[in-house]
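Below are the chains, spelled out letter by letter.
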Amino acid sequence: MSYISEAPIPVGAGLRQSARLLSYRNVGLITAVADYLLIVAASVLAGVGYHLVALGYVVDIRGFAGIGSHAGLLFVLLAKSQHLYRPSTLLWMRQVRGVVVAWGVVLLAIVSLLFLLKLGEEYSRGATVGFGVVGLMLLIGSRAVIANRLRDAVATGNLTGQRAILLGDRKELAYYSAVELLRTYGVQEIERFELSATDAGDKSAMDVDDKISIGAAIGVARSSDAEMVLLALPWTDTARYEFVRQNLRALPVPALLLPDRSARSILSQPRVEIGADYAIELQRAPLTPLERGVKRAFDIVGAGALLILLSPLLALVSIAIKLNSSGPVVFRQHRKGFNGRKFTIYKFRTMTVAEDGPVIRQAQRNDARVTSLGFYLRATSIDELPQLINVLRGEMSLVGPRPHAIAHDDEYSKLIANYAFRHHVKPGITGWAQVSGFRGETARLELMERRVDLDLWYINNWSIWLDLWILIRTCLVVPRSMNAY
């Protein structure tokens, strides 16, 4: 039985439009050219600008263009070796760390080259520093623009990929939407075909039904000039996998086996080198003393700076709360932190009640307990700002799994197997789950399970760069979220 994906791209339309749409395979080349041109421009702008502003005269741009050209070529080669031009990487801003590291190596190489060739007198330190700052800003800014444009292109179908036929088990096919296939694998789905759901005990009937589906897939693949066939099958079903593989040999295109549900959960974990081979890290070790020190220093500097910068806002909100309704300005409630230790969390009061006991009701849409001012404070997350004090006290971190009321902790720890694992790091003011759209009420258990999955991913993949990216996304995403009330 065949069926079209929920977001199909008509074959004829896709072929007619491919000439004017952006190709998935060309995105990396376009980005590399943009990087090179931006680096050359940064060198010229920094060199000419520094001499004009600081020294009062205009210099010949050819020397700075030459330095920028060499730096641009080196950066592109380094970025290519680190897979920073893969479209799947360009779609997300996790690439920022790689860009910063590659740019730092390039600057070090350029400075060393100038020193060895004794050209330091011709290229001042001010121009070099300016080149480093301007170049990094342009590179990160362009990557942010490219990531946003790519996501828009994927969502609207304006990004073309290799044409592919999908063939597989219903449960496995359900995971791979047309958008997910384009975003992750760079393929444009033509049509998908579902294999028989016949009981494996009736093998002859299963083989007949599967041959019909495979024959139909081969026919569509030939008529549409498909470039590959993607198989979505359980990896443990070796008999069906071999049967499908044998029957697809009549088709002169590659057949690729996609990860099944169990494999996806394993392959999403980091790879670590162990001896002469690699292994999958299913659970990372606790943060090392150095990592804890770096995260703590980042928290102290960040929370201290934010408290100073936001002090006028904090004062105004405190006055507004006092004028808006009776009760304390700051709401206190017991939560569990690192290793399950209890602490008192601080928030601006947004409700007419201050619940802190064995039974606590989550805030819901149009909740009568929320004050008129509290609605806006919760929607914008301004009510969370007093937790900067919790960060300075060492009870929380700027980034980490959000702490829940102890009553909810006790409830979810009984229902969700890995819930307690969230306490392996300090709770945070913001977290990976919150910037991924899981913020606010969790009325259904599956929503909390998904939030826990995202929290565990953060714990297993922690880095200071990930914390920085989550904070940036918090500023861009959370204030516009419609899930908090």
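Structure report, in brief. All of these numbers come straight from a predicted model, not from anything done at the bench. (Residues numbered from 1 in each chain as written. Predicted model: local features only at pLDDT ≥ 70, side-chain atom pairs only at ≥ 80, totals over all residues. Heavy atoms only, no water.)

**Some thoughts on empty space enclosed by the protein**
Scanning the model with the defined rule gives 2 cavities of 30 Å³ or more in all. Taken together, Lys336, Gly337, Pro401, Arg402, Arg422, His423, Val425 and Pro427 make up the full set of residues lining the second largest cavity. The residue makeup of the lining of the second largest cavity, split by class, is 3 nonpolar, 2 polar and 3 charged. (1 Å grid on protein atoms, 1.4 Å probe; cavity = no way out; pocket = protein on both sides within 12 Å on 5 of 7 lines; lining within 4 Å. Points joined across faces, edges and corners; volume = space filled by probe spheres on them. Nonpolar A, V, L, I, M, F, W, Y, C, P; charged D, E, K, R; others polar.)

**Looking at the pairing of strand β11 (residues 342–348)**
Of all the 7 residues making up β11, 5 are buried; the element is thus mostly covered by neighbouring parts of the structure. With 7 bridges connecting them, strand β10 (residues 330–336) and β11 associate as antiparallel partners. By the bridge assignment for β11, His334 is matched with Thr344. (Buried < 20%, exposed > 50% of the residue type's maximum accessible area, 1.4 Å probe, protein only. Helix = DSSP H or I, 4+ residues; strand = E, 2+ residues; numbered from the N terminus. Pairing = 2+ DSSP bridges.)

**A short note on the packing of aromatic side chains**
Summed over the entire model, instances satisfying the criterion amount to 6 aromatic pairs. Summarising the aromatic geometry, the rings of Tyr175 and Tyr176 are spaced 5.0 Å apart at their centres and angled 85 degrees between planes, so their arrangement reads as edge-to-face. The ring of Tyr175 has Arg264 sitting right over it, with the charged end atom 3.5 Å from the ring centre. (Phe/Tyr/Trp six-rings, centres within 6.5 Å; stacked < 30°, edge-to-face > 60°. Lys NZ or Arg CZ within 6 Å of the ring centre and 35° of its normal.)

**What to know about helix α16 (residues 406–415)**
Looking at α16, one finds that the buried residues are Ile406, Ala407, His408, Asp409 and Tyr412. Lining the buried residues of α16 we find β10, β11 and α18 (445–460). (Contact = heavy atoms within 4.5 Å.)

**Side note on the nonpolar core**
One finds Leu398, Trp432, Tyr458 and Ile470 to be the most contacted residues of the largest nonpolar core, which totals 36 residues. With residues near it in sequence (within four places) discarded, Tyr458 still touches Lys295, Val399, Gly400, Pro401, Trp432, Leu466, Asp467 and Ile470. Core analysis: the next-biggest nonpolar cluster, separate from the first, contains 19 residues, Leu84, Tyr85, Trp103 and Leu139 among them. (Core = buried A, V, L, I, M, F, W, Y, C linked by side-chain atoms within 4.5 Å.)

**What about the packing of helix α2 (residues 27–55) against helix α3 (residues 61–81)?**
For the pair α2 and α3, the least separation of the axes is 8 Å and the interaxial angle reads 145 degrees. Pair α2 / α3 crosses with right-handed handedness. Mapping the contact onto sequence places Ala32, Asp35, Tyr36, Ile39, Val40, Ser43, Val44, Gly47, Val48 and His51 in α2 and Ile61, Phe64, Ala65, Ile67, Gly68, Ser69, Ala71, Gly72, Leu73, Phe75 and Val76 in α3. Classifying every residue of the contact of α2 with α3 gives 14 nonpolar, 6 polar and 1 charged. (Axes fitted to C-alpha atoms, helices over the stretch in contact; angles between N-to-C directions. Left-handed = near helix turned anticlockwise from the far one by under 90°.)

**Thoughts on unusual backbone geometry**
In the Ramachandran plot, His83 falls in the positive-phi region, its phi being about 60 degrees despite a non-glycine side chain. The residue His83 is located in the loop between α3 and α4 (87–90) in this model. The exposure class of His83 is partly exposed, given its relative accessible area of 40%. Unusually for a residue other than glycine, Ser381 sits at a positive phi of about 65 degrees. By the secondary structure assignment, Ser381 is in the loop between α14 (372–380) and α15 (387–392).

**Here's the deal with the side chain of Thr350**
Looking at where Thr350 falls in the secondary structure, it is placed in the loop between β11 and α14. What makes Thr350 buried here is its relative accessible area of 5%. Non-local contacts of Thr350, meaning those with residues more than four positions away in its chain, are made with Arg369, Val370, Thr371, Gly374, Leu377, Arg378 and Asp383.

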